[in-house]
Amino acid sequence: MVHVSHLGAKLSEDRAALEHEEQIVWTEKVEEYDYVRQSVDRSSSTRQRPVAWTGAGRRVGYAVLKPNAPSGDMPGRFIRRVFWVKEHDRSEEPEGTYRATAPSEAVDPRTVSPGVWGELTERAWGGPLVSE
């Protein structure tokens, strides 16, 4: 079992950025994934084009912002969510490291929508969740 708890001020800032989302674009068929990893890119140079991905794994989706969304902390840079998977995630290796758990940034893609932070569900975790 995993305990779900408060994640602090950083999460509050990330959630505030969601108000400018217009759409979630999935670049793969994620409806069959138990989870995807959700991250916040604070330096995207575009509101609507695909978010560049240079991290580990591969990008499977991203948030598109409204045309009038303001810049983040730096002029001309926008805060956007990116969804991704690593080569050892359950979708890639069903019997691997995360067969009965999930990484800390995992969310069920069925709970993701514009302006809504994805959630860790029992399906995403691979077992029962316990709230604190």
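Parameters and conventions
Residue numbers restart at each chain and count upward from 1, following the sequence in its written direction. pLDDT decides what is reported in this predicted model: residues at 70 or higher carry local features, side-chain atom pairs at 80 or more are listed and counted, and totals for whole chains, interfaces and linings draw on all residues regardless. Side-chain numbers here rest on the full set of heavy atoms in the structure, without hydrogens or water. The helix and strand labels rest on DSSP assignments: H or I over at least four residues marks a helix, E over at least two residues marks a strand, and numbering proceeds from the N terminus. Contacts are residue-level and defined by heavy atoms, with any inter-residue pair within 4.5 Å sufficient. The Shrake-Rupley method, run with a 1.4 Å probe, gives the accessible areas here. Residue values count only the displayed protein chains as cover. Stacked, tilted and edge-to-face are the three classes assigned to paired rings of Phe, Tyr and Trp, where Trp is represented by its six-membered ring and a pair needs centres within 6.5 Å; plane angles under 30 degrees give stacked, over 60 edge-to-face, the rest tilted. Under the scheme applied here, a residue whose accessible area is under 20% of the maximum for its type counts as buried, over 50% as exposed, and between as partly exposed, the area being computed with a 1.4 Å probe on protein chains only. Whenever a nitrogen or oxygen atom comes within 3.5 Å of another N or O atom, the pair is scored as a polar contact, on the condition that within protein one atom can donate a hydrogen and the other can accept it, and that pairs from neighbouring residues in sequence are kept only if both atoms are in side chains. Just to be clear on terms, a salt bridge is a Lys or Arg side-chain nitrogen sitting within 4 Å of an Asp or Glu carboxyl oxygen. What pLDDT conveys is the predictor's confidence in a given residue, as a value from 0 to 100.

Within the protein, the secondary structure is distributed over two helices and seven strands. Secondary structure of the protein in N-to-C order comes out as β-α-β-β-β-β-β-α-β. A fraction of 72% describes how many contacts in the protein between residues 6 or more apart in sequence connect residues 24 or more apart. Within the structure as shown, the protein displays about 7,400 Å² of accessible surface, and the carbon and sulfur contribution to it stands at 49%.

To continue, consider the packing of aromatic side chains. Within the structure shown, the criterion is met by three aromatic pairs. An angle of 35 degrees between the planes, with centres 5.1 Å apart, marks the rings of Trp 53 and Trp 84 as tilted. Taken together, the positions of Trp 53 in the loop between β3 (36-44) and β4 (58-65) and Trp 84 in strand β5 (residues 78-85) put the pair 31 residues apart, joining distant regions of the chain. Taking relative accessible area as the criterion, Trp 84 reaches 8% and is therefore assigned buried.

Bringing the side chain of Gln 38 into the picture now. Inspection of the secondary structure assignment puts Gln 38 in strand β3. Take Gln 38: its relative accessible area is 6%, and that puts it in the buried class. Polar side-chain contacts of Gln 38 include one of 3.2 Å to the backbone nitrogen of Gly 118. Setting aside residues no more than four positions away along its own chain, Gln 38 makes contact with Arg 81, Val 82, Phe 83, Trp 84, Glu 105, Val 107, Val 112, Trp 117 and Gly 118.

A side chain of one charge can pair with a side chain of the opposite charge when the charged atoms of the two come close. Under the defined criterion, the tally for this structure stands at eight salt bridges. Taking the shortest distance from any N to any O, the salt bridge between Asp 34 and Arg 90 comes out at 3.0 Å. One end of the pair, Asp 34, is in the loop between β2 (21-26) and β3; the other, Arg 90, is in the loop between β5 and β6 (106-107), with 56 residues separating them in the sequence. Judged by relative accessible area, which is 9%, Arg 90 ranks as buried. The salt bridge involving Asp 89 is made with Arg 37; its shortest N-O contact spans 2.7 Å. Taken together, the positions of Asp 89 in the loop between β5 and β6 and Arg 37 in strand β3 put the pair 52 residues apart, joining distant regions of the chain. Take Asp 89: its relative accessible area is 0%, and that puts it in the buried class. By sharing partners, the salt bridges in this structure join Glu 28, Arg 58 and Glu 92 into a single network.

Turning our eyes to something else, we now look at the confidence of the model for the protein. Overall, the prediction assigns the protein a mean pLDDT of 87, with 86% of residues at 70 or greater. Of all helices and strands in the protein, the one with the weakest mean pLDDT is strand β1 (residues 2-4) (37), whereas β2 scores best (97).

Moving on, we come to the environment of Gly 61. The residue Gly 61 is located in strand β4 in this model. For Gly 61, a relative accessible area of 0% puts it in the buried group. Spatially, the C-alpha atoms of Gly 61 and Trp 26 are 4.1 Å apart, while their sequence positions differ by 35 residues. Every residue in contact with Gly 61, bar those within four places of it in the chain, is listed here: Val 25, Trp 26, Thr 27, Val 82 and Phe 83.

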